[in-house]
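Understanding the architecture of this molecule
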Amino acid sequence: MLYDVAVVGSGFSAIAVTINLLRLLPASASIAVVGDDPGFGRGTAYRTEFYVHRLNVPAGRMSLFPEKPDDFVEWLGEHMRQVSADGFASRGDYGLYLRDRLASLLRDHERRPKVDFVKAKATDCVHCSEAGLVFHLDNGAELRARSVVLCLGIGNADLPLAAGKIDAGVEGSIVRNPWRLRWLSKVDPSDTVCILGSGLTMIDQVLALRVHGHRGRFRVLSRRGLLPHPHPPADRRAPAVEPELGSSREISALLAGFRKQVRNGTDWRGLMDGLRPVTQKLWQELTKEQRSRFLRHGLAWWNVHRHRIAPEIASRFEALRRDGIVTVHAGFLEMIQEGPRGAVVAYRERQSHRPRSFHTDWIVNCTGMERAGVAHSPLLCEMQRQGLISPDELGLGLSVDKDSRVLDLKKQPQPGLYAVGALTAGQFWEITAVPDIRVQAQDVASAVAATLRA
Ligand SMILES: Cc1cc2nc3c(=O)[nH]c(=O)nc-3n(C[C@H](O)[C@H](O)[C@H](O)COP(=O)(O)OP(=O)(O)OC[C@H]3O[C@@H](n4cnc5c(N)ncnc54)[C@H](O)[C@@H]3O)c2cc1C
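What you see is a predicted model; the values in this text were computed from it and never measured.

The ligand sits among 29 residues. The nearest are Gly11, Gly43, Gly153, Gly421 and Ala433. Put simply, the parts of the chain that give the shell around the ligand at least two residues each are helix H1 (12–24), strand S2 (30–35) and helix H2 (43–46). Residue composition of the shell around the ligand, by class: 14 nonpolar, twelve polar and three charged.

On to the nonpolar core, then. Within the largest apolar cluster, 103 residues are counted, with the highest numbers of intra-cluster contacts made by Ala6, Val7, Val17, Val149, Leu150 and Ile195. With eight residues, the single largest contributor to this core is H1. Domain assignment of the residues forming this core places at least three in each of domain 1 (2–155 + 370–453) and domain 2 (163–229 + 308–365). Once residues within four sequence positions are removed from consideration, Ile195 is found in contact with Met202, Gln205, Val206, Phe218, Val220, Val364 and Cys366.

Sheets are built from strands paired through backbone hydrogen bonds, the pairs being either parallel or antiparallel. The seven strands are arranged S7-S13-S8-S9-S10-S11-S12 in an open sheet whose pairing can be described as mixed. At either end of the open sheet lies a strand with only one pairing partner, and these are strand S7 (174–175) and strand S12 (355–360). Alignment of strand S11 (residues 343–349) against S12, held across six bridges, turns out to be antiparallel. For Val344, the partnering residue across the bridge sits in S12 and is His359. Helix-sheet contacts for helix H5 (residues 200–211) involve strand S8 (193–196), strand S9 (218–222), strand S10 (326–338) and strand S13 (362–365), and the interaxial angle to S8 is about 160°.

So, on to helix H9 (residues 288–306). One turn of the α-helix equals 3.6 residues, which is why residues spaced by three or four share an orientation. Here H9 spans only 22 Å end to end across 19 residues, well under the 27 Å set by a 1.5 Å rise per residue. The sharpest bend along H9 comes to roughly 70°, located at Gly298.

Attention now goes to the environment of Ala314. Structurally, the position occupied by Ala314 is in helix H10 (residues 311–322). Given 18 C-beta atoms within 10 Å, Ala314 falls into the partly exposed group. With 106 residues separating them along the chain, Ala314 and Ala208 place their C-alpha atoms 14 Å apart. Discounting residues that sit within four places of it in the chain, Ala314 has contacts with Pro230 and Ile309.

Most of S9 is tucked away: four of the five residues are buried. Note: S8 against S9, four bridges, orientation parallel. Bridge assignment links Leu196 to a residue of S9, and that residue is Leu221. A crossover links S8 with its parallel partner S9, the connecting element being H5, and its sense is right-handed. Pairing geometry for S9 and S10, over five bridges, is parallel. Across the sheet, Arg219 pairs through a bridge with Thr327, a residue of S10.

Moving on to the domain arrangement of the chain. Split by domain assignment, the chain resolves into domain 1 (2–155 + 370–453), domain 2 (163–229 + 308–365) and domain 3 (234–306). Domain 1 and domain 2 are separated by 32 Å when their C-alpha centres are compared. Opposite the seven residues of domain 1 that make contact, domain 2 presents ten residues. Of the residues that constitute the side of domain 1 that touches domain 2, the class distribution is three nonpolar, three polar and one charged.

Within helix H3 (residues 71–78) the residues assigned to the buried category are Phe72, Val73, Trp75 and Leu76. Projection of H3 onto a plane perpendicular to its axis shows the buried side chains occupying an angular sector of 160°, all on one side. Buried-residue contacts for H3 involve helix H4 (91–106). Where H3 terminates, the next one or two residues include Met80, which has phi positive at roughly 55°.

Relative to each other, H5 and H10 sit at 70°, their axes nearing to 11 Å. The orientation of H5 relative to H10 falls into the category roughly perpendicular. Across the interface between the two elements, Ile203, Val206 and Leu207 from H5 touch Ile313, Arg316, Phe317 and Leu320 from H10.

On any regular strand, side chains alternate: one points to one face of the sheet, the next to the other face. With five of six residues buried, S2 lies mostly within the body of the structure. Read as a crossover between parallel neighbours, the route from strand S1 (residues 2–8) over H1 to S2 is right-handed. Relative to strand S3 (residues 114–119), S2 runs parallel, the two sharing six bridges. Across the sheet, Ser30 pairs through a bridge with Lys114, a residue of S3.

What counts as what
Within any chain, residue numbers begin from 1 and follow the written order of that chain's sequence. Thresholds applied to this predicted model are a pLDDT of at least 70 for local features of residues and 80 or more for the giving and counting of side-chain atom pairs; totals over whole chains, interfaces and linings are not thresholded and use all residues. Being near a molecule or strand means, for a residue, that its C-beta atom, positioned from the backbone, comes within 6 Å of it. Each helix is a run of H or I in the DSSP string that is no shorter than four residues. Each strand is a run of E no shorter than two, and both are numbered from the N terminus. As a working rule, the residues Ala, Val, Leu, Ile, Met, Phe, Trp, Tyr, Cys and Pro are called nonpolar, Asp, Glu, Lys and Arg charged, and the rest polar, with Gly in that last group. Remark: nonpolar core denotes a set of buried Ala, Val, Leu, Ile, Met, Phe, Trp, Tyr and Cys residues whose joining runs through C-beta atoms within 7 Å. In this scheme every C-beta is placed from the backbone, and a residue whose C-beta has 20 or more other C-beta atoms within 10 Å is buried, one with 12 or fewer is exposed, and one in between is partly exposed. An automatic or database domain assignment is the source of the domain bounds shown. Any two residues are considered in contact once their C-beta atoms, placed from the backbone, lie within 7 Å. Only strands that DSSP links by at least two bridges are regarded as paired with each other. Orientation is described by lines fitted to C-alpha atoms, with helices fitted over the stretch in contact, and by angles between N-to-C directions that extend from 0 to 180 degrees. Each helix should span, by expectation, one fewer than its residue count multiplied by 1.5 Å. One axis is fitted to the seven residues ending at the residue and one to the seven starting there. The bend at that residue is the angle between these axes. By convention, a crossover is right-handed whenever its connection, traced from the first strand over the helix to the second and viewed with the strands pointing away, goes clockwise. This arc describes the spread of directions from the helix axis toward the C-beta atoms. Working rule for angles: under 35 degrees goes down as roughly parallel, over 145 as roughly antiparallel, 65 to 115 as roughly perpendicular, anything else as oblique.

Below is the structure:
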């Protein structure tokens, strides 16, 4: 069968695009959604069942629909969750909200387009002019579609250590993908757990283990030892402040301007929130050199200031640090060796450069999301080989234009081929969280609908 649209992926981007297509396309249209995640639409972020896994964006900004900002807050109220617009709901609840909104559109059989959910992974794609694009799936089937929206996410980062630096005997103690939560039940309550990475994923895993009854120690190791900042409680939250950008588009000049604004009394959180609506435009105004400077020198600082955690989660985590249950080390991981009991993590301390080491029973990779261009995805590698796509110049994901149309190897837009979500960070940068993806999903669905009408 030839579908009008295929949505490839099964996380938030895919559900947001599908929901918008269901609202915009006529009943005569057909949509295929190809994904391998059993909890379709929830992806890694929203399929968790731990209540301590909270959203890091207030509920009032998490609606699926930019034009209906209270939609998620209303859903929370209808489901008797005590979370206000400036509170932080659980991510599991957010996953249920997404599922509910999709289900209510699917119930309207008479007026909606036909949708087939295909539980498979797309492995290869070829372009074929009369039928748009043809995908090969890992279940052996073939799928044809006039337009395609790639919503593949960016995958987990690999351990920041070459294979030769890890003793074979410790492989069983290494958790490479912490989002496969089965590992939690293998940990003994008194085990020491080393977490590599000190960002949001680390905090999620520490709190999940505590809820699971773990009472041992955590050793957190990251290059700078920086922890995400908390959102202040709602009554002490500063309003967003417009950044004074000046005319220079040098990263150092922009940063100096922001520092000056903060010195003159602007709350830095208000400034970060004020930057958010202009970040995409600002990013597009930077040269390639300035963007890479930002990635080299500013990324770690950006992450901890920009992606802040709910105040309740921050106080739980702080209490664990105060009680000596969590220790944070700043240094460069050098080796993971087999020790007399468990593993030995060897690292070089930041600043002093002294070699250090500690014993641990588990090593959990929480170094975050992969920013490795197309390499993480066999589908994208294959599409690149055929010249259908090209990596963006900084290797963050795919080359796309400002309308999210995927560019081929000659940097020409591929007819009917779009990408949504963090894969498009090279063009937009600020495109990993719901408030930005929901707008992009709506724009792309509108463009697909316009093409079909034409
Ligand atoms: C732990 C965590 C917490 C977060 N919390 C928040 C938050 O509170 N607020 C917020 O706004 N944002 C948050 N985010 C950001 C989050 O990344 C986005 O909100 C959103 O989940 C991204 O969805 P996505 O669909 O683009 O990617 P993903 O969720 O990664 O989904 C991609 C999907 O595509 C599938 N796929 C990949 N390749 C193929 C293929 N070849 N064929 C078929 N399917 C394929 C994958 O299996 C996966 O299911 C969080 C992210 C994480 C990881």
